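# Remarks on the overall topology
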Amino acid sequence: MTVNLNIRMDSDIKNQAEAFFADLGLSMTTAINLFVRQSLKQRKIPFEILSDYDPFYSQSNLRALDRSIQAYQEGRVVTKTWEELRAMEE
């Protein structure tokens, strides 16, 4: 048994995706089904998600965030007043 799935997507992205998948011999439906099946099989997103436009998600920033979280969980926390922080900027 199959069901219909409605999703919203930017029309330019949809057109680009349809053209790309067509070059691979796939329909948009087949491509989405492949994605979902691989996600379920691997129990994760089946590819690395990269962000070229937002440096916040760079590997170095994510590692720094992990270290900060670990330090906080271990109680290694430094507290400063606003005045102390402003003085550090100068």
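The preceding data block contains the structure.
So, here is what we can say about the structure in this document. Nothing here was measured: the structure is a model prediction, and the numbers come from that model.

Take unusual backbone geometry next. Keep in mind that most residues, glycine aside, have a negative phi and that most peptide bonds are trans. If you check the backbone angles, arginine 43 has positive phi at about 60° while not being a glycine. Here arginine 43 shows up in the loop between helix H2 (28-42) and helix H3 (59-73).

A word on helix H1 (residues 11-23). Helix length check: H1, at 13 residues, gives a terminal C-alpha distance of 18 Å against a target of 18 Å (1.5 Å per residue), a fit within 8%. The N-cap residue of H1 is aspartate 10: its side-chain oxygen and the backbone nitrogen of aspartate 12 are 2.8 Å apart. A positive backbone phi angle near 80° is found at glycine 25, which sits one or two residues after H1.

This model, assessed by the stated rule, comprises two aromatic pairs. Ring plane angle 40° and centroid distance 5.9 Å describe the contact between phenylalanine 35 and phenylalanine 47, whose orientation is recorded as tilted. Here phenylalanine 35, found in helix H2, pairs with phenylalanine 47, found in the loop between H2 and H3; they are 12 residues apart in sequence, far enough to count as distant.

Moving on, we come to a nonpolar patch on the surface. The grouping of Phe35, Val36, Leu40, Ile45, Phe47 and Ile49 at the surface amounts to a nonpolar patch, some 570 Å² of accessible area in total. Structurally, isoleucine 49 can be placed in the loop between H2 and H3. Exposure remark for isoleucine 49: the relative accessible area of 65% places this residue in the exposed category.

Turning our attention to the pattern of salt bridges. Scanning the model with the defined rule gives two salt bridges in all. Among the ionic pairs, glutamate 18 bridges to lysine 14, the shortest N-O distance being 3.0 Å. Residue glutamate 18 and its partner lysine 14 are located together in helix H1, separated by four residues, close to a single helical turn. Residue classification places glutamate 18 among the partly exposed residues on the basis of a relative accessible area of 32%. In this structure, arginine 76 engages glutamate 74 in a salt bridge whose closest nitrogen and oxygen atoms are separated by 2.8 Å.

Cut-off values and rules
- Along each chain, residue indices are assigned from 1 in the same order as the chain's sequence is written.
- Local features are withheld for residues below a pLDDT of 70 in this predicted model, meaning they are given only at 70 or higher, and side-chain atom pairs are given and counted only at 80 or more; totals for whole chains, interfaces and linings count all residues.
- The basis for every side-chain value is the complete set of non-hydrogen atoms in the structure, without hydrogens or water.
- Counting from the N terminus, the helices are the DSSP runs of H or I reaching at least four residues and the strands are the DSSP runs of E reaching at least two.
- To estimate the expected span of a helix, subtract one from its residue number and multiply by 1.5 Å.
- Two N or O atoms count as a polar contact when they lie within 3.5 Å, although within protein this holds only if one can serve as hydrogen donor and the other as acceptor, and sequence-adjacent residues are included solely when both atoms are side-chain atoms.
- Ring pairs are drawn from Phe, Tyr and Trp, using the six-membered ring of Trp, whenever the two centres fall within 6.5 Å, and their geometry is named by plane angle: stacked under 30 degrees, edge-to-face over 60, tilted for the rest.
- Grouping into patches uses exposed residues only, defined as over 30% relative accessible area, and leaves out salt-bridged ones; the cut-off is 9 Å for like charges and 5 Å for nonpolar side chains (Val, Leu, Ile, Met, Phe, Trp, Tyr).
- Throughout, the Shrake-Rupley method with a 1.4 Å probe supplies accessible areas, and for residues the shown protein chains are the sole cover considered.
- Salt bridge, as used here: a side-chain nitrogen of Lys or Arg that lies within 4 Å of a carboxyl oxygen of Asp or Glu.
- The rule is simple: take the accessible area with a 1.4 Å probe, protein chains only, and divide by the maximum for that residue type; under 20% is buried, over 50% is exposed, in between is partly exposed.

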